[in-house]
Amino acid sequence: MIVAEAKNLTEIGKTIAPYGRILVLGCGTCVTVCGAGGEREVALLHDALRLMDMKAGNGKHVFLECTLKRQCDPEFLDVLEEKAANVDAVLSLGCGIGVQAVAERLPDLPVLPGVNTSFLGMAKEWGVWDERCAACGDCRLDETAGICPITRCTKGILNGPCAGTKNGRCEVSKEMDCAWVLIYQRLENMRQLETMRRYYPPRNFRAIPRPKRVLSKINAAGGGHE
Amino acid sequence: MYSSLNSKSQDVNGAARRPHTDHSFIPPCQAKCPLQMDIREYVDLAAQGKVMEALQVIRSGNPFPSICAHVCTHPCEEACRRTQVDSPVSIRALKRFAVEFGGDRMVLAEAETTRPEKVAIVGSGPGGLACAYYLRKLGYPVTIFEAHAEMGGMLRVGIPQYRLPRAVVDTEVQRLISMGAEIRTNTRVMSLDLLFDMGYKAVFVTIGAHQGLRMGIEGEESPGVLDGATLLREVNLGLKPSLGQRVVVVGGGNVAIDAARTALRLGIPSVDILYRRSRKEMPADETEIKEALEEGVNIQYLVAPVNIKRANGDLCVTCVRMELGEPDARGRRQPVPIEGSEFTMKVDTLVSAIGQAPQMPGGFGIRIGRGSTIQVDPLTLTTNRLGVFAGGDAVTGPATVVEALAAGRQAAHRIDDYLQHKYPRPVSTNQPVMTGELDQQTIELVRKIGRFEPLYLPVEDRTRDFKPVESVFDWESAVNEARRCLRCGVGAEILFQDKCASCLNCVRVCPYHVPYIDMAGTIIIPPDQCQACGICVAECPARAIVMRKPRERRHIADELDHIVKTAAQSKARPLLIGFLCQYGLFGTGTLAGLWRSGKAGIWIVPVLCTSKVEAHHMLRPFEMGVEGVFVAGCGEQCSRENTDHWVQQRIHKVRKLLAQIGIEPERLQAFVSDKNDGRRLREELERFTEQVSSLCLASILKQEVRN
C-alpha cells in the first residue's frame, strides 16, 4: 500500500497563498489507512489552516472539505464537477497518483499536493510504517527468500551482505536490520542456503522504460463503458 | 438535555421512544427490570455526580423511586454483566444515592383532571399506588380504598421499618394526595357492584396476598402459633405482641427472614429459622440472609416441623431432618424426610412464614385461579368482569414491590385504553436487548474494581430498635461505584461501512481487543464485548466509527462550542480551556473550585473520558482566541485502560501543528489528576497559567518590536 506523510503546514501555507477558495480533498484508500489524508486528516488540516489564516491575520482563504473513496480512479472523480465548481484551487491529500488524477480531471484548476508520498510499505504496528517495495517492475523476491534487498538494504545491493553488517544490523543505523542477514537466516530456515552462493547480475534499468503501463486487455470490440 | 423524555412520543408503558439514529441496545439490567428503567443512563449520570439529572431519569421510569431505592429486590443486579468481571454494580444503592442527594422528597407532583370517568382502586399497596399515580397523570379522578387505617399495603404492614422507614411511604402518599387522588382508609370493599353503583367506571383490584398459608400439620391451631404476615402487620401497626423468650420461624423466604429479624428487635433472645432445604435453595434475598445471620438469627437448614403440641406452657415442636432428593419441575431439589431423625424443640412461639395467598371477599365475583389468585389476561390485566382489572400479589401470588409497581403502571394504561375504547397497543420496541456473555479475553482486560457498599449500621446497634440498617452511599463511593458500570450496549459501531478503509486502527488501538476481522476480511466490533471507551472512534482515520448513542457522537463538540461562546464574554485573561474528565473528579466535586478560584479565566469542557478528546477538539479553541488549552484526565482512578496514552498521542500531533502554525506548543498541555484531592492538578494549573501569561506577554512584545 502507498504510504504518505503530511506536509509541513508552512509549506502548504505558501502553496495555497495565491488562492482564495480552496477545496481540501481527501482520499479514502491508502492515505486513509496510513493516517495522512483520510476524512479525519482533512478535517484536522481544515481546522489547522483556518487557524493559520487567523494567526496570519489576513483570513482571506475559504476552505471546503471533501473526501473521495479513491482519487486515482476517474469514475470516483465525477463528484468533483460539483464539489470543485467554485474553488480557486484543490489541495489534494491523495498520494502523487491522486494529485495527478485530480489534475487530469480539472484542467483549469491548480491541484496542489497536501502530503508527501513516501513509499510502498506496510504497517509494523499502530502508527509505524515501513517501506517494503520499490515498484521496480522486476521482482526477484523468489530468490531472496521473500525479503526485498532493493528497499530493505540501504545500498540496495543484489549480492549481499556487504562488509558493513555487524551483529545482524546495518552500519547506517544500529536500529536497522541488515536485509541480507535476514535473507540468510530465512534461507537457512528453509534449508535453501545454496541460493546464497549464486551471483546476481546487476539489474538492467534500461529494460524498464518510463512511464510504465500495465495492459491486461487486448484490443477487441465491445467490453465495458467507453 | 432530558426534556426530550417528556416531549417525545411515548409508548404504551410511558417509555420514551428513541430516535432512529440511536443504535444502542437495551442493557441486560433494563431488560430484567419489571419497570424497564433506564438504569445505564442514571448510573452514568451518578458517575458524573449529576444527581439531579439521575433522579430525573429515575423518576421518568418509576413512580416511587424512594421506595424502590430502599426495598427493591434488584433483579437488575442479577443481570448485571459486571458480575462476569468481578461483582455487579450496586444499582439499588446508587438509586438510593440519587434519590436522597437529588432531593426526591422535594419533587412536586401535579396532575390535572381532564377526564370524567372515575376509577376505583381497591388496595393501597405498591400496585394500587402506582396505578393511582399513572391514572392521575392521565387525567382520571381516582379513589383508593384501603381496609387498614394506614396506606401502603405491604409497604406499610409487611415490610419492617428497618428496611423501609414509614416516612418514605408517607411522602409518596402525600404526593399522591397533592396530585388529587382521593384516599379512603379504614374502608374494606366488600362488593364491586357497589363501586359501579357509586359511579366508578373501572375498578383496579390490588388486594395483595396477606393470608398466611397453612403448614398442614397437627397442632397448627395451638395458641402460640401465628403466621409471619400477621406478626409483621401487628408490629408495623404499632402493636407489641408478646412472643415469649424462644421464637422459631418456619420458612425460607423474605417474610421468614423479616419475621425473625423483627422478633429480634422485639427483644426476643433466641430466634431460630427452620428451613426444609439448604441455604442454596433459600428463596430469600442473599443480603437479607447475611444480615439476619449477622444479627444472631440461627438458621437451621434441612429441618421441617411435623407436629406441634402445647404442654406445660411450652410449645413442643417435633421436627424431622431432611435430605435433598431429585429436582422437581422447577429444578429445585425436593426435600425428603430422613426416617427416624425426629427431634423435639421447646419454644414459646412458632411463626409460620411458608407463603401467603390473596384473600378475596366473596362479593367481588371475580374468577379465582391457582393458589386463590385472581385470573387475568396478562396483556390487558382484565378479569372476567367487565371494567374490573387486577394486578399485584393478588394476581401473581407473593412477589416483589417492583413487580407490583409495573403491574400498577400497566393497569393504568390498560384502564385508559378501556375507558377510551381503544385496543391496547402491544408493547413493541425495535431496540434489541443486549445478550451474550463477555469473552474471557475481554474479562481479563477490563480493569477490576471491587464493589463499593454503602455503610451498614453496626450489628450491635441494629437489633435494639427498628432504625434503618443501611445508610446512603457517601458521595465519593457512589461516584466510584457508578463508574464500574460497563455501559453495555452503547459502545462503538462501524456505522459507515462504505467509508471503512479496513485500516485496522480500531483493531490495533482497542484496549480490550474487541474488534476482529472475520473470515471475509470485514472488521467487526461485537457490541456485546465493546466497553464503550471511544478510543477507536477518535482514532478511525475515515471517521467510519461512531458511538451508538447520537448524543455521545457530538457531545464534546457541542460542549466546546457552548463553553467557548460563554468564555468569549469573560474579561479574565489569559483565557484557558480545559478538557476535564467528568467522571470522578467532577463527580466528587473537588474540581468545582478549580476554575472559579483561579487567577485566569479557566473554562472547563466536561468530557466523558479524555480519550474521547480528538485532535481537532484541542485545536479549535485556539482559533476562537483561547490562549491555552489543557487536557486533564482522571489518572489512576480511571476505570479504563490506556486513556492517558491516547491523550499524549494526540497532544503530540496537535503540538506539531501548532509549532508549524507559529503558536508556541507549550500552550497545549496534558495533566493527570492525582487521587481525588486535586491539589497537584491545582499546582500544575497555576504553573500553566503563569506560563501562558508569560507567552502572551512575550508575543505582545514581539509584535510591538516588529511594528
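All figures in this text were calculated on a predicted structure; none of them were measured in a lab.

> It is not clear to me how the overall build of chain B should be interpreted in this structure. Could you clarify?
When its secondary structure is counted, chain B shows 28 helices and 24 strands. In terms of overall dimensions, chain B has a C-alpha envelope of 110 × 60 × 55 Å along the principal axes. For chain B, buried positions account for 56% of its 707 residues. Considering only intrachain contacts with a sequence separation of at least 6, the fraction spanning at least 24 residues in chain B is 73%. Counting every atom, chain B has about 30100 Å² of accessible surface; 52% of that belongs to carbon and sulfur.

> Would you mind going over the confidence of the model for chain B with me for this structure?
Detail in the predicted coordinates should be disregarded across regions flagged by low pLDDT. Averaged over chain B, the pLDDT score is 88; the fraction of residues at 70 or greater is 93%. Every residue in residues 1-16 of chain B scores below 50 in pLDDT, and together they form 26 contacts with partners more than four places removed in sequence or on other chains.

> Explain the packing of aromatic side chains here, please?
In this description, a pair of aromatic rings is defined by centroid distance and the angle of the planes. Under the definition given, this model contains 12 aromatic pairs over all chains. When the centroid spacing of 4.8 Å and the interplanar angle of 85° are considered together, the rings of Trp126(A) and Trp646(B) count as edge-to-face. With Trp126(A) in the loop between β6 (115-125) and β7 (128-133) and Trp646(B) in helix α27 (residues 643-661), the pair connects residues from two separate chains. Classification of Trp646(B) as buried rests on a relative accessible area of 4%. Consider the rings of Tyr133(B) and Tyr134(B), whose centres lie 5.1 Å apart with planes at 80°: the pair is edge-to-face. No difference in accessibility class separates Tyr133(B) from Tyr134(B), as the two residues are buried. A connected cluster of aromatic rings, assembled from ring pairs, spans Phe64(B), Tyr133(B) and Tyr134(B). The lysine or arginine in question, Lys118(B), covers the ring of Tyr200(B), its NZ or CZ lying 4.5 Å from the ring centre.

> It is not clear to me how the domain arrangement of chain B should be interpreted in this structure. Could you clarify?
By a frequent convention, interface size equals the accessible area lost on bringing the separate parts together. All names here are of chain B. Each assigned domain of chain B is listed with its residue range as follows: domain 1 (27-107 + 437-482), domain 2 (118-208 + 364-419), domain 3 (211-357), domain 4 (492-552) and domain 5 (560-706). The distance between the C-alpha centroids of domain 1 and domain 2 comes to 27 Å. With 22 residues of domain 1 in contact, the opposing surface of domain 2 contributes 24 residues. Each partner contributes to the roughly 2100 Å² buried at the junction of domain 1 and domain 2, and carbon and sulfur atoms together form 71% of this total. In terms of surface lost to domain 2, no three residues of domain 1 exceed Phe64, Ile67 and Val71, which account for 31% of the buried area on that side. Scanning the region where domain 1 abuts domain 2 turns up one salt bridge. Between Arg175 and Asp104 there is a salt bridge, and its shortest N-O distance comes to 3.6 Å. At the surface where domain 1 touches domain 2, the tally comes to five residue pairs in polar contact (both at pLDDT 80 or more). Mapped onto the side of domain 1 that touches domain 2, the elements with two or more residues apiece are α4 (51-61) and α5 (65-71). For the side of domain 1 that touches domain 2, the leading source of residues is α5, giving five residues. Of the residues belonging to the side of domain 1 that touches domain 2, the class tally is 12 nonpolar, six polar and four charged.

> Where do I start with the sheet that holds strand β16 (residues 388-390) of chain B in this structure?
Think of a sheet as strands paired side by side through backbone hydrogen bonds, with each pair either parallel or antiparallel. All names here are of chain B. With parallel pairing, five strands are arranged side by side in an open sheet as β3-β2-β1-β4-β16. Since the sheet does not close on itself, it has two edges, and those belong to β3 (182-184) and β16, each with one partner. Mean inter-strand twist for the sheet, computed between neighbouring axes without regard to direction, equals 20°. Sheet topology places strand β1 (residues 118-122) next to strand β4 (residues 200-205); five bridges connect them, and they run parallel. In the sheet register, Val122 faces β4, and the bridge partner there is Val205.

> What is the right way to look at the packing of helix α3 (residues 39-47) of chain B against α4(B) in this model?
Residues and elements named next belong to chain B. Put simply, α3 and α4 touch, their axes get as near as 8 Å, and they point 170° apart. As summarised for this structure, α3 and α4 are arranged roughly antiparallel, according to the angle between their axes. Relative to α4, α3 is oriented so that their crossing is left-handed. Between α3, through Glu41, Tyr42, Leu45 and Ala46, and α4, the contact on the second element is made entirely by Glu53, Ala54, Val57 and Ile58. Class assignment for the residues of the contact of α3 with α4 results in six nonpolar, no polar and two charged.

> What is the right way to read the pattern of salt bridges from this model?
Side chains that differ in sign of charge can pair as their charged atoms come close. All chains considered together, the criterion is met by 58 salt bridges over all chains. The partner of Glu41(A) in a salt bridge is Lys653(B), and the shortest N-O contact between them spans 2.7 Å. With Glu41(A) in helix α3 (residues 39-56) and Lys653(B) in helix α27, the pair connects residues from two separate chains. Across the pair Asp417(B) and Arg414(B) runs a salt bridge, and its minimum N-O distance is 2.9 Å.

> What should I look at first to understand the domain arrangement of chain A in this one?
Domain annotation of chain A identifies domain 1 (2-119) and domain 2 (134-202). For domain 1 of chain A and domain 2 of chain A, the distance between their C-alpha centres works out to 38 Å.

> Looking at this structure, how should I read unusual backbone geometry?
Negative phi values dominate among residues other than glycine, just as trans dominates among peptide bonds. Here the residue pair Gly160(A) and Pro161(A) is connected by a cis peptide bond, since its omega of -5° sits within 30 degrees of zero. Relative to the helices and strands, Pro161(A) resides in the loop between α6 (149-152) and α7 (179-189). Residues other than glycine seldom take positive phi values, yet Leu302(B) does so here, at roughly 55°. Following the sequence through the fold, Leu302(B) ends up in the loop between β9 (298-301) and β10 (303-311). By relative accessible area, Leu302(B) is classed as partly exposed at 25%. Here the phi dihedral of Leu381(B) falls at roughly 60°; this positive angle occurs in a residue that is not glycine. Looking at the element boundaries, Leu381(B) is found in the loop between β15 (356-357) and β16.

> Could you clarify how one ought to interpret the side chain of Lys549(B) in this entry?
Residue and element names in this part refer to chain B. Position of Lys549 among the secondary structure elements: in the loop between β20 (545-547) and α22 (550-553). By relative accessible area, Lys549 is classed as buried at 14%. Not counting chain neighbours up to four residues away, the residues in contact with Lys549 comprise Asp22, Ser24, Arg40, Glu41 and Val490.

> What is the right way to read the nonpolar core from this model?
Side chains that are nonpolar tend, in soluble globular proteins, to be buried together. Counting 71 residues, the largest nonpolar core has Ile39(B), Tyr42(B), Leu135(B), Leu176(B) and Ile415(B) as its most contacted members. Ranked by residues supplied to this core, first place goes to helix α16 (residues 401-419) of chain B with eight residues. Core analysis: the second largest hydrophobic core is formed by 50 residues, Val31(A), Phe63(A), Ile556(B) and Ala567(B) among them.

> Sorry, what's going on with the interface of chain A and chain B here?
If you look at the interface, chain A gives 26 residues, while chain B gives 30 residues. For the pair chain A and chain B, the two sides together bury roughly 2500 Å², of which 58% comes from carbon and sulfur. Ionic pairing is found between Arg40(A) and Glu614(B), a salt bridge with its closest N-O pair at 2.6 Å. Where chain A packs against chain B, one counts 12 residue pairs in polar contact (both at pLDDT 80 or more). Where the side of chain A that touches chain B is concerned, the elements lending two or more residues are α1 (9-16), α2 (30-33), α3 and β6 of chain A. The leading source of residues in the side of chain A that touches chain B is α3(A), at 12 residues. Tallied by class, the residues present in the side of chain A that touches chain B amount to 10 nonpolar, six polar and 10 charged.

Calculation notes
Residues numbered from 1 in each chain as written. Chains lettered and ligands numbered in written order. Predicted model: local features only at pLDDT ≥ 70, side-chain atom pairs only at ≥ 80, totals over all residues. Heavy atoms only, no water. Helix = DSSP H or I, 4+ residues; strand = E, 2+ residues; numbered from the N terminus. Buried < 20%, exposed > 50% of the residue type's maximum accessible area, 1.4 Å probe, protein only. Contact = heavy atoms within 4.5 Å. Areas by Shrake-Rupley, 256 points an atom, 1.4 Å probe, with all protein chains shown as cover. pLDDT = per-residue confidence, 0-100. Phe/Tyr/Trp six-rings, centres within 6.5 Å; stacked < 30°, edge-to-face > 60°. Lys NZ or Arg CZ within 6 Å of the ring centre and 35° of its normal. Domains from an automatic or database assignment. Buried area = accessible area lost by both parts, 1.4 Å probe. Salt bridge = Lys/Arg side-chain N within 4 Å of Asp/Glu carboxyl O. Polar contact = N/O pair within 3.5 Å; in protein donor to acceptor, adjacent residues only side chain to side chain. Nonpolar A, V, L, I, M, F, W, Y, C, P; charged D, E, K, R; others polar. Pairing = 2+ DSSP bridges. Axes fitted to C-alpha atoms, helices over the stretch in contact; angles between N-to-C directions. Parallel < 35°, antiparallel > 145°, perpendicular 65-115°, else oblique. Left-handed = near helix turned anticlockwise from the far one by under 90°. Core = buried A, V, L, I, M, F, W, Y, C linked by side-chain atoms within 4.5 Å.

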